[in-house]
Amino acid sequence: MKNFLVIGLGEFGKSVARTLYKNGNTVLALDSSEELVRQALEEEIVDEAIILDVTDETTLKNVIKDDFDVSFVCIGTNIQSSILVTLQLKELGIKKIICKAVSHTQGKVLKKIGADMVVYPEESMGEKIALASLRPTVVEHFRFSEEYSVFEIIMPEDFIGKTLKELDLRNKYEANVMALKYSDGTMNVTPNPNDILRENDMLIMLLKTEMIDRIIK
């Protein structure tokens, strides 16, 4: 179990808090809105939520007394506040700070002042929606780095009835098959190269992002 701090309970912050809490972690959430704090407590998506002006350094110091593994700054739209809070968290010795940003300019500033990671949720969502339209057989994907992504794809028609060994995906597409997901929802994280691929199976692969269109052609 890890301790997480989530600052900002907008849609993105709530989603982060809910996911962390449901996976058995301790979550403290802070927001200046009484309504958002009340909702978080009523929906039981955090261990504790406090109404707080997080830009007030003294107040923030008094609240953050625990040893948090990661802090999420989910303010985003208020650029000045997100920068100020990130600076304060850095000074308080938070181990890892992940910040939401609405622009790459804001992201660059946050990285320079100490953010360990910057995420662009609106940009990521827009990309996923566009890709879902362009690649309907790709259920979802996760960008692993600038060059590589993890894709979950519906079994391509020309893969059905063949084995991973026959397909030789690593040499043909520089793809690593991480798992097979079956129609009943179970997953095989150590697929046998000689197993026959079935129509309702799904492939979870790590590969260069540019290669996905060659696989699902």
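Residues numbered from 1 in each chain as written. Predicted model: local features only at pLDDT ≥ 70, side-chain atom pairs only at ≥ 80, totals over all residues. Heavy atoms only, no water.

### Some remarks on the pairing of strand β8 (residues 148-154)
In step 1: With five of its seven residues buried, β8 lies for the most part within the structure.
In step 2: Sheet analysis places β8 next to strand β11 (residues 202-208), joined by seven bridges and oriented antiparallel. Looking at β11, one finds that Ile-154 is bridged to Met-202. (Buried < 20%, exposed > 50% of the residue type's maximum accessible area, 1.4 Å probe, protein only. Helix = DSSP H or I, 4+ residues; strand = E, 2+ residues; numbered from the N terminus. Pairing = 2+ DSSP bridges.)

### A few points about the side chain of Thr-163
In step 1: Within the secondary structure, Thr-163 sits in the loop between β8 and α7 (164-167).
In step 2: Among the polar contacts listed, one links the side chain of Thr-163 to the backbone nitrogen of Glu-166, at a separation of 3.0 Å. (Polar contact = N/O pair within 3.5 Å; in protein donor to acceptor, adjacent residues only side chain to side chain.)

### Remarks on the state of the cysteines
In step 1: Taken as a whole, this structure holds zero disulfides when the rule is applied.
In step 2: Here Cys-74 stays unpaired: no disulfide links it, and the sulfur of Cys-99, its closest cysteine neighbor, is 8.7 Å away.
In step 3: Cys-99 gets classed as buried once you look at its relative accessible area, which sits at 0%. (Disulfide = S-S within 2.5 Å.)

### A word on the sheet that holds strand β4 (residues 70-73)
Pairing between sheet strands relies on hydrogen bonds along the backbone, with the strands arranged either parallel or antiparallel.
In step 1: Sheet architecture is open: six strands sit in the order β3-β2-β1-β4-β5-β6, paired in parallel fashion. Edge strands, defined here as strands with exactly one partner in the open sheet, are β3 (48-51) and β6 (117-119). Averaged over all neighbouring strand pairs, the angle between strand axes comes to 15°, with direction disregarded.
In step 2: Judged from the three bridges that link them, strand β5 (residues 96-100) and β6 form a sheet pairing that is parallel. In the strand pairing of β6, Cys-99 is matched with Val-118.
In step 3: Against the sheet, helix α1 (residues 11-22) contacts β1 (3-7), β2 (26-31), β4, β5 and β6, and its axis sits at roughly 165° relative to β1.
In step 4: Its contacts with the sheet place helix α2 (residues 34-42) against β2 and β3, and it is angled at close to 170° to β3. (Axes fitted to C-alpha atoms, helices over the stretch in contact; angles between N-to-C directions. Contact = heavy atoms within 4.5 Å.)

### A short note on the pattern of salt bridges
In step 1: The final tally for this structure, using the stated rule, is ten salt bridges.
In step 2: Note that Glu-35 is salt-bridged to Arg-38, the shortest N-O span being 2.5 Å. Linking Glu-35 with Arg-38, this pair stays in helix α2, spanning three residues, or about one helical turn.
In step 3: Assessed through its relative accessible area of 35%, Arg-38 is described here as partly exposed.
In step 4: Between Asp-69 and Lys-95 there is a salt bridge; the shortest N-O distance is 3.8 Å. Here Asp-69 is found in the loop between α3 (57-63) and β4, whereas its partner Lys-95 is found in the loop between α4 (79-91) and β5, with 26 residues between them in sequence.
In step 5: Linked through salt bridges whose partners overlap, the residues forming this network are Lys-14, Arg-18 and Glu-43. (Salt bridge = Lys/Arg side-chain N within 4 Å of Asp/Glu carboxyl O.)

Everything listed here is a matter of geometry and, on its own, says nothing about what the molecule does.
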